[in-house]
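# Tertiary structure, described
Letter by letter, the chains look like this.
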Amino acid sequence: MLTLTWVGCDKEKGGGCIIVQTSPSSFAYRSKGLSGSILLAAVDSTCEIRHYRDEQLLDVWPIRDPVYRFDCGDLTGDHVPEIVVGVTKTTRYRKEMDRRLFIFKLYKGRKIRPLWLGSRLGLPLIDFKVERDSVPAVIHTWERDTDATTVEVIYRQHGFGLQYLNNL
């Protein structure tokens with residue numbers, strides 16, 4: 001059984017955002033009078049993010065790189081969920097295969113659009129999760145330091161990219 005928990009604003013005044021993980025690859029949300037679902041679907045050898053409302057497919061965004069993590073949270077504080085995808089890929093300036101972080105927004109509550117396609121955080125990324133217990137939500141990462149130790153870091157989405165908050 002899933003428990004829905006309000007985060008942020010007063011639900012009696014119509015604020016807040018509920019985001020519930022319904023499976024490892026799907027989330028349901030309710031906010032601002034809207035409700036829908038976001039899921040990661042395997043298509044041939046790639047994946048795609050799908051956004052549904054009332055069982056109607058609103059938009060699709062292809063992900064051509066291998067995905068190792070899929071999460072959602074209200075990262076901007078606007079009571080609309082953002083989509084966070086961990087992919088393994090090279091970049092123009094980093095030729096080694098490594099874990100990267102992509103963040104997508106629901107433009108006008110409907111269309112999936114990139115918010116940030118990160119090439120690298122402060123250190124090589126091991127893993128991440130979205131902490132949804134505050135508004136805006138934060139991204140908790142585990143990163144590999146130069147001496148191979150694991151560093152835990154908290155980031156908040158800020159403008160273009162992520163703002164470092166602190167180490168844990």
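In the block above lies the structure referred to throughout.
Bear in mind that the values here come from a model prediction, so they are computed numbers and not experimental data. (Residues numbered from 1 in each chain as written. Predicted model: local features only at pLDDT ≥ 70, side-chain atom pairs only at ≥ 80, totals over all residues. Heavy atoms only, no water.)

Residues Ile38, Ile49, Phe70, Ile83, Val85, Phe104 and Leu106 are the most contacted members of the largest nonpolar core, which totals 19 residues. Listed by contribution, the elements that provide at least two residues to this core are strand S1 (17-23), strand S2 (26-31), strand S3 (34-43), strand S4 (46-53), strand S6 (67-73), strand S7 (82-89) and strand S8 (98-107). For valine 85, the residues in contact, after removing those within four places along its chain, are Ile49, Val67, Arg69, Phe70, Arg100, Leu101, Phe102, Phe104 and Phe128. Counting 18 residues, the second-largest nonpolar core is a separate cluster that includes Trp116, Ala137, Val151 and Leu162. (Core = buried A, V, L, I, M, F, W, Y, C linked by side-chain atoms within 4.5 Å. Buried < 20%, exposed > 50% of the residue type's maximum accessible area, 1.4 Å probe, protein only. Helix = DSSP H or I, 4+ residues; strand = E, 2+ residues; numbered from the N terminus. Contact = heavy atoms within 4.5 Å.)

Below, the discussion takes up unusual backbone geometry. Cis geometry marks the peptide bond from valine 135 to proline 136, where omega comes out at -5 degrees. Take proline 136: it is sitting in the loop between strand S10 (125-131) and strand S11 (138-144). At glutamate 55, a residue that is not glycine, the phi angle is positive and equals roughly 65 degrees. With respect to the secondary-structure elements, glutamate 55 resides in the loop between S4 and strand S5 (56-63). Unlike most non-glycine residues, lysine 108 shows phi in positive territory, near 55 degrees. Here lysine 108 falls in the exposed class, since its relative accessible area comes to 69%.

To continue, consider the pattern of salt bridges. In total, this model carries six salt bridges according to the counting rule given. Of the charged contacts in the structure, one is a salt bridge between arginine 132 and aspartate 71, with a shortest N-O distance of 2.6 Å. Of this pair, arginine 132 sits in the loop between S10 and S11 while aspartate 71 sits in strand S6, placing them 61 residues apart in sequence. Overall, the relative accessible area of 25% leaves arginine 132 in the partly exposed class. (Salt bridge = Lys/Arg side-chain N within 4 Å of Asp/Glu carboxyl O.)

Further remarks concern the side chain of aspartate 71. Judged by its relative accessible area of 7%, aspartate 71 falls in the buried class. At 2.9 Å, the side chain of aspartate 71 and the backbone nitrogen of valine 130 are in polar contact. There is a polar contact of 2.6 Å between the side chain of aspartate 71 and the side chain of arginine 132. Setting aside chain neighbours within four positions, we find aspartate 71 in contact with Phe27, Glu82, Ile83, Val84, Phe128, Lys129, Val130 and Arg132. (Polar contact = N/O pair within 3.5 Å; in protein donor to acceptor, adjacent residues only side chain to side chain.)

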